[in-house]
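What follows is the residue order along each chain.
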Amino acid sequence: MAVMGCIADDFTGATDLAGLLARSGASVNLRIGIPEAPAGKTADFEVIALKSRTAPVGEAVSETLRALDWLKSSGADRFFWKYCSTFDSTPEGNIGPVSEALMSALGVAQTIYCPAFPENGRAIFMGNLFVGEEPLAESPMKDHPLTPMRDSNLMRLLTPQVTGEVGLANRLVVERGAAALKERLSALLADGVPHVIVDAVSDSDLAVIAEACADMGLITGGSAVAMPLPNVFRAKRLLAGGESAPIMKPVSGGSLVLSGSCSATTRAQVGTYLKQASGYRLDPLVLAEAGPEGALNWLAEQPSDAPKIVYATAEPDAVRAAQDKLGRARAGEVVEQALAACAVAARSSGISRIVVAGGESSGAVTQALGVDSLSVGAEIAPGVPWCFAHSEGREIALALKSGNFGSEDFFAGALSMLETS
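Note that the coordinates shown come from a computational prediction; the quantities given were computed from them, not determined experimentally.

Chemist: Honestly, the packing of aromatic side chains in this entry has me stumped. Any pointers?
Modeler: How two aromatic rings sit relative to each other is given by the distance of their centres and the angle of their planes. Counted according to the given criterion, the structure contains 7 aromatic pairs. Both rings, one in phenylalanine 117 and one in phenylalanine 405, keep their centres 5.6 Å apart while their planes meet at 90 degrees; by these two values the pair is edge-to-face. In this pair, phenylalanine 117 is assigned in the loop between strand 5 (111–114) and strand 6 (122–125) and phenylalanine 405 in the loop between strand 18 (394–401) and helix 15 (410–420), connecting sequence segments 288 residues apart. In this pair, the class of phenylalanine 117 matches that of phenylalanine 405, namely buried. Here the aromatic residues Trp81, Tyr83 and Phe87 are joined through ring pairs into a cluster of three or more.

Next comes the structure, spelled out in structure tokens:
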């Protein structure tokens, strides 16, 4: 029986969460989309990956509630709603509406919001989210092509998305420990505040939050606030069994990097990898007119075992220009379709090691490959594990990377891990 059921709003976020939970040695099942079959054998943590971050609000809510129903069938009575550590959303949602829908379905009167990930430079102080030393609204996230973040204050960001009042448990409270945080949450609940932003600037803060909130029916946040939960559950004797290291499997076959992210981090990673790999750049305007045939023909000409990358990664001005001509949704759609087609062609040609950068891109690629579950392996970088799956009867290795994660040499480093495993 699952100790906790988890729902992530995109595929990279789901692998991020699963990888951090697996660090503890707890068993983790990562399911791609909502399983059709009833829950059978379950892991300590069941994680369902949705592609709902930028979906229409009603669709995101509906899909999340369906995932919740399945997780309930797995025996879970505690739940975690995972979104991006940069709180990617619009004034309409989807973080707030989904949270309120989950709270209503579970009969939960209060939940917390903590997207902090100190290990990756995401910190919350006095309700404001920082990316490294920059406030969110001054970071490259201000130019995100789908969810540009123009405010750093999480209370202001969340308030228009929810119907209930939004409050804050600040760092001064968290620093005093779990009992003080519980007291603050209780006081806010007594005042009729159901939505609480919780500050965190270090891993020790995350441990305090996990201890204070482990008995909540619903916790929401980035993956890092879930990371201490397995140890808290062990201390409560809710989680049995010993620790085991995440799996790593030798997977033979060629490799391919697919990049749809246009984040500053991914732009640097693509530039670094192109110094040692052949590359094909996807132009949304060309794709809208002619489809992905040019990329597929180029890919067919490349040696299977040679380093290569197909990418739509571009500077913000180029992204905006494409969106102005095609519309934001269509510009993203043609790129996702092209990357998905390249992944399928690569698999069919014998390539079995695929790295994907970008949440929407990862969702499109994984679905195109027909993957319905992933085994979680060792982390390449904080929040980015190698995962293993079957596609068309063949075992493949997938690394699904959030656009903002990883060092500049991430792509080469990721593939070298499999060569030495």
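On we go from here.
Chemist: Which parts of the structure should I look at to understand the layout of surface pockets?
Modeler: Picture a little ball the size of a water molecule; that probe, rolled over the atoms, points out where space is still empty. There is about 700 Å³ of room inside the largest pocket. Around the largest pocket, the lining is made up of 42 residues, and of these Pro145, Leu146, Gly260, Ser261 and Cys262 lie nearest the centre. In terms of residue class, the lining of the largest pocket is built from 15 nonpolar, 17 polar and 10 charged. Taken as a whole, the second largest pocket holds about 400 Å³ of empty space. Taken together, 19 residues line the second largest pocket, and the ones lying closest to its centre are Thr54, Ala55, Pro56, Leu146 and Glu360. Among the elements of the structure, helix 2 (57–73) and helix 13 (328–348) are those that each provide at least two residues to the lining of the second largest pocket. The element best represented in the lining of the second largest pocket is helix 13, accounting for 5 residues. Grouping the amino acids of the lining of the second largest pocket by side-chain chemistry returns 5 nonpolar, 6 polar and 8 charged.

Chemist: Even after reading the chapter, I still don't get empty space enclosed by the protein, so can you show me in this structure?
Modeler: Under the definition given, this model contains 1 cavity of 30 Å³ or more. Contributing elements (two or more residues each) for the lining of the largest cavity: helix 9 (264–273) and helix 15. With 3 residues, the single largest contributor to the lining of the largest cavity is helix 9. A class-by-class count of the residues in the lining of the largest cavity yields 3 nonpolar, 3 polar and 2 charged.

Chemist: Where do I start with the pattern of salt bridges in this structure?
Modeler: Side chains carrying opposite charge are able to pair once their charged atoms draw close together. Taken as a whole and judged by the stated rule, the model has 20 salt bridges. Here arginine 53 and aspartate 10 are joined by a salt bridge, their closest N and O atoms 3.3 Å apart. One end of the pair, arginine 53, is in the loop between strand 3 (45–49) and helix 2; the other, aspartate 10, is in the loop between strand 1 (4–8) and helix 1 (11–22), and 43 residues separate them in sequence. When sorted by exposure, arginine 53 lands in the same class as aspartate 10, which is buried. One network of salt bridges, with partners in common, ties together Asp9, Asp10, Arg53 and Asp88.

Chemist: Sorry, what's going on with the sheet that holds strand 6 here?
Modeler: Backbone-to-backbone hydrogen bonds pair the strands of a sheet. The strands run either parallel or antiparallel. Spatial ordering of the open sheet is given by 6-7-8, a layout of 3 strands whose pairing is antiparallel. Lying at the two open borders of the sheet, with one neighbouring strand each, are strand 6 and strand 8 (134–135). By the bridge criterion, 2 bridges tie strand 7 (residues 128–131) to strand 8 in an arrangement that is antiparallel. Bridge assignment links phenylalanine 130 to a residue of strand 8, and that residue is proline 135.

Chemist: Honestly, the packing of helix 2 against helix 3 (residues 95–106) in this entry has me stumped. Any pointers?
Modeler: The description of two packed helices rests on the angle between their axes and on the distance between the axes. With their axes 9 Å apart at the nearest point, helix 2 and helix 3 run at an angle of 40 degrees to one another. Crossing angle aside, the handedness with which helix 2 passes helix 3 is right-handed. Here Val57, Ala60, Val61, Thr64, Leu65, Leu68 and Lys72 of helix 2 come into contact with helix 3, specifically with Pro97, Val98, Ala101, Leu102, Ala105 and Leu106. When the residues that make up the contact of helix 2 with helix 3 are grouped by side-chain class, the tally is 11 nonpolar, 1 polar and 1 charged.

Chemist: Where do I start with the packing of helix 6 (residues 178–190) against helix 7 (residues 203–213) in this structure?
Modeler: Two numbers describe how helix 6 lies on helix 7: the axes approach to 8 Å, and their chain directions differ by 55 degrees. Compared by their axis directions, helix 6 and helix 7 come out oblique. Considering only the axes of helix 6 and helix 7, their crossing is right-handed. Across the interface between the two elements, Ala178, Leu181, Lys182 and Leu185 from helix 6 touch Val208, Ile209, Glu211, Ala212 and Cys213 from helix 7.

Analysis parameters
- Residues numbered from 1 in each chain as written.
- Predicted model: local features only at pLDDT ≥ 70, side-chain atom pairs only at ≥ 80, totals over all residues.
- Heavy atoms only, no water.
- Phe/Tyr/Trp six-rings, centres within 6.5 Å; stacked < 30°, edge-to-face > 60°.
- Helix = DSSP H or I, 4+ residues; strand = E, 2+ residues; numbered from the N terminus.
- Buried < 20%, exposed > 50% of the residue type's maximum accessible area, 1.4 Å probe, protein only.
- 1 Å grid on protein atoms, 1.4 Å probe; cavity = no way out; pocket = protein on both sides within 12 Å on 5 of 7 lines; lining within 4 Å.
- Points joined across faces, edges and corners; volume = space filled by probe spheres on them.
- Nonpolar A, V, L, I, M, F, W, Y, C, P; charged D, E, K, R; others polar.
- Salt bridge = Lys/Arg side-chain N within 4 Å of Asp/Glu carboxyl O.
- Pairing = 2+ DSSP bridges.
- Axes fitted to C-alpha atoms, helices over the stretch in contact; angles between N-to-C directions.
- Left-handed = near helix turned anticlockwise from the far one by under 90°.
- Contact = heavy atoms within 4.5 Å.
- Parallel < 35°, antiparallel > 145°, perpendicular 65-115°, else oblique.

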